[in-house]
Amino acid sequence: MNDNEKKEVVKNWLERNQFFNVETNESIFMVADGISHRLVVMLESEENEHFHLEDIKMKTLRSGRQLWKAHVEEKDISWEIL
Amino acid sequence: MLESKSANGLDDLLSKGNSEKEVDDKIKSEVLKEIQDFTSWLNLEKYCTETFQVSNIKIEPFSKDDWIMRVDQIEDRKEVFFNPNLLKNSSKEFFKVVVLHEYFHLLVQKVPNKEDATKIKDNFGNDFMSLIDIEADFYVALYLKSEKGYSKQKYWETYFEGVRVFKDDWIRNKKFERFLGSILTINRLFANDGVFDLILPSITPLFTEDHIKVLVLKKEHIYFDTLPLSLEELKEMRGIYLNPTDYDFEDYYKKIEDFTKQSKVEVLTKMTNLN
């Protein structure tokens, strides 16, 4: 399953769960707005093993969002709130 | 290398919705098309004959100022500006609904600016302004129902996606009554075809009796009616009005549904059909 397919699964999940304004780009990140909170979603992927998680957390926090990590397997997602 | 790529990807996404810059071209054209479709529908259904040149409608760069629509007279023509700031706290669909509501104030009701609303309140009272707002809600909902295939649930889901924007910290009676009036009017509209019933409630009788009084504006006449709602039901609605973000959509929608069912507004027979 490539990252784009994983993002599609995450996007569907977010929209089913009343998140809106779901956006992404070429990266493994997505943003979404909920009623009571806003998210940055980071896909678990081989790519992000090399990332500096603390930097990403800091950027996310400064934007007033929460950072959620999505581990996607087929249609299932396990979430980790960072 | 990877670190810099990740930072750029995340930075791009985060800056998109937060910077003080032009709104995305795709959103701009979606909103303008929605306004065009709405105008065509209003003309086609003969609700109004006026039109507005789309070239005179602008979606402004993001601004923190507290306004949604502004109309300026520029020489012999009017220009209308929409502030996209709402998009930071709501969905695109909700933004479009708000834009249509404001545009109805401009095109049909001739109440475009905040000062016009203030003048109406000064000259005719708050209730009359509530009615004007409820009428704008009614026509936007009728358009969404008949032209965009909206169901009642989809309408309230879209509304829910923007509730943070207009959240009040305390109950302002007239605004609360206007909120209840919109719920009753719109749910009656979704439950029936061909009705034009604008419902303006007064919650004052609830302090002494188990009902509320409503003025119903029909196309043919106005009449006064009673809806069997109790203080308990009103408290439930107070909860979703003051703290909508405490609810998920299912609970929020259920409260609206329960309130509407209890009011019997969807099945009131006294309200005659238009056709």
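Residues numbered from 1 in each chain as written. Chains lettered and ligands numbered in written order. Predicted model: local features only at pLDDT ≥ 70, side-chain atom pairs only at ≥ 80, totals over all residues. Heavy atoms only, no water.

A word on the overall build of chain A
Counting its secondary structure elements, chain A contains 2 helices and 5 strands. Radius of gyration (C-alpha) of chain A: 12 Å, near the 12 Å computed for a compact globule of 82 residues. Seen through its principal axes, chain A has C-alpha atoms that stretch 30 × 30 × 20 Å. Buried positions account for 46% of the 82 residues belonging to chain A. Within the structure as shown, chain A displays about 4600 Å² of accessible surface, and the carbon and sulfur contribution to it stands at 44%. Across chain A, 11 positive and 17 negative side-chain charges occur, with their mean positions spaced 7 Å apart. (Helix = DSSP H or I, 4+ residues; strand = E, 2+ residues; numbered from the N terminus. Rg over C-alpha atoms; globule rule 2.2 N^0.38 Å. Buried < 20%, exposed > 50% of the residue type's maximum accessible area, 1.4 Å probe, protein only. Areas by Shrake-Rupley, 256 points an atom, 1.4 Å probe, with all protein chains shown as cover. Lys, Arg positive; Asp, Glu negative; His and termini not counted. Charge placed at Lys NZ, Arg CZ, Asp CG, Glu CD.)

Describing the overall build of chain B
The secondary structure content of chain B amounts to 9 helices and 6 strands. In terms of C-alpha radius of gyration, chain B reaches 20 Å, essentially the compact-globule figure of 19 Å for 275 residues. Per-residue burial for chain B yields a buried fraction of 52% across its 275 residues. Taking as baseline every contact in chain B between residues at least 6 positions apart, the subset at least 24 positions apart corresponds to 64%. A total of about 13700 Å² of accessible surface is found on chain B, and carbon and sulfur atoms cover 50% of it. Within chain B, one finds 40 positive and 50 negative side-chain charges whose respective centroids are separated by 1 Å. (Contact = heavy atoms within 4.5 Å.)

Description of the packing of helix 6 (residues 152–160) of chain B against helix 9 (residues 249–263) of chain B
Residue and element names in this part refer to chain B. The N-to-C vectors of helix 6 and helix 9 enclose an angle of 120°; their axes lie 10 Å apart at closest approach. For the element pair helix 6 / helix 9, the angle class is oblique. The way helix 6 lies across helix 9 gives a crossing that is right-handed. On helix 9, the residues touching Lys152, Gln153, Trp156, Glu157, Tyr159 and Phe160 of helix 6 are Phe249, Tyr252, Tyr253, Ile256 and Glu257. Of the residues that constitute the contact of helix 6 with helix 9, the class distribution is 7 nonpolar, 1 polar and 3 charged. (Axes fitted to C-alpha atoms, helices over the stretch in contact; angles between N-to-C directions. Parallel < 35°, antiparallel > 145°, perpendicular 65-115°, else oblique. Left-handed = near helix turned anticlockwise from the far one by under 90°. Nonpolar A, V, L, I, M, F, W, Y, C, P; charged D, E, K, R; others polar.)

Regarding the interface of chain A and chain B
Taken residue by residue, the interface counts 27 residues in chain A and 26 residues in chain B. Interface area for chain A against chain B, summed over the two sides, is near 2300 Å², with a carbon-plus-sulfur share of 58%. For the pair chain A and chain B, the number of links is 1 salt bridge. Summed over the shared surface of chain A and chain B, the number is 5 residue pairs in polar contact (both at pLDDT 80 or more). (Buried area = accessible area lost by both parts, 1.4 Å probe. Salt bridge = Lys/Arg side-chain N within 4 Å of Asp/Glu carboxyl O. Polar contact = N/O pair within 3.5 Å; in protein donor to acceptor, adjacent residues only side chain to side chain.)

As for the domain arrangement of chain B
How big an interface is tends to be expressed through the accessible area that disappears when the partners come together. Residue and element names in this part refer to chain B. Domain annotation for chain B reports domain 1 (17–91 + 106–112) and domain 2 (125–275). Of note, the centres of domain 1 and domain 2, computed from C-alpha atoms alone, are 25 Å apart. Roughly 1300 Å² of surface becomes buried between domain 1 and domain 2 when both sides are summed, with 64% attributable to carbon and sulfur atoms. There are 2 salt bridges connecting domain 1 and domain 2. Glutamate 34 is paired through a salt bridge with lysine 148; the nearest N and O atoms lie 3.3 Å apart. Run the count over domain 1 and domain 2 and you get 6 residue pairs in polar contact (both at pLDDT 80 or more). (Domains from an automatic or database assignment.)

Quick word on the pattern of salt bridges
Summed over the entire model, instances satisfying the criterion amount to 29 salt bridges over all chains. Where aspartate 11 of chain B meets lysine 59 of chain A, a salt bridge forms, and the shortest distance between an N and an O atom there is 3.4 Å. Taken together, the positions of aspartate 11 of chain B in helix 1 (residues 2–18) and lysine 59 of chain A in helix 2 (residues 53–62) put the pair across two chains. One connected set of salt bridges, linked through shared partners, spans Lys26, Glu30, Lys33, Glu34, Asp37, Glu93, Lys96 and Lys148 of chain B.

As for a nonpolar patch on the surface
A surface patch of nonpolar side chains, about 310 Å² in accessible area, is lined by Leu215, Ile222 and Phe224 of chain B. Inspection of the secondary structure assignment puts isoleucine 222 of chain B in strand 6 (residues 222–227). (Patch = residues over 30% accessible without salt bridge, like charges linked within 9 Å, V, L, I, M, F, W, Y side chains within 5 Å.)

A short note on the packing of helix 2 (residues 25–44) of chain B against helix 3 (residues 92–107) of chain B
Residues and elements named next belong to chain B. Packing of helix 2 against helix 3 leaves a shortest axis separation of 10 Å and a crossing angle of 45°. The orientation of helix 2 relative to helix 3 falls into the category oblique. Classified by chirality, the crossing of helix 3 by helix 2 is right-handed. Mapping the contact onto sequence places Ile27, Glu30, Val31, Glu34, Ile35, Phe38, Thr39 and Leu42 in helix 2 and Lys92, Phe95, Lys96, Val99, Leu100, Tyr103, Phe104 and Leu107 in helix 3. A class-by-class count of the residues in the contact of helix 2 with helix 3 yields 11 nonpolar, 1 polar and 4 charged.

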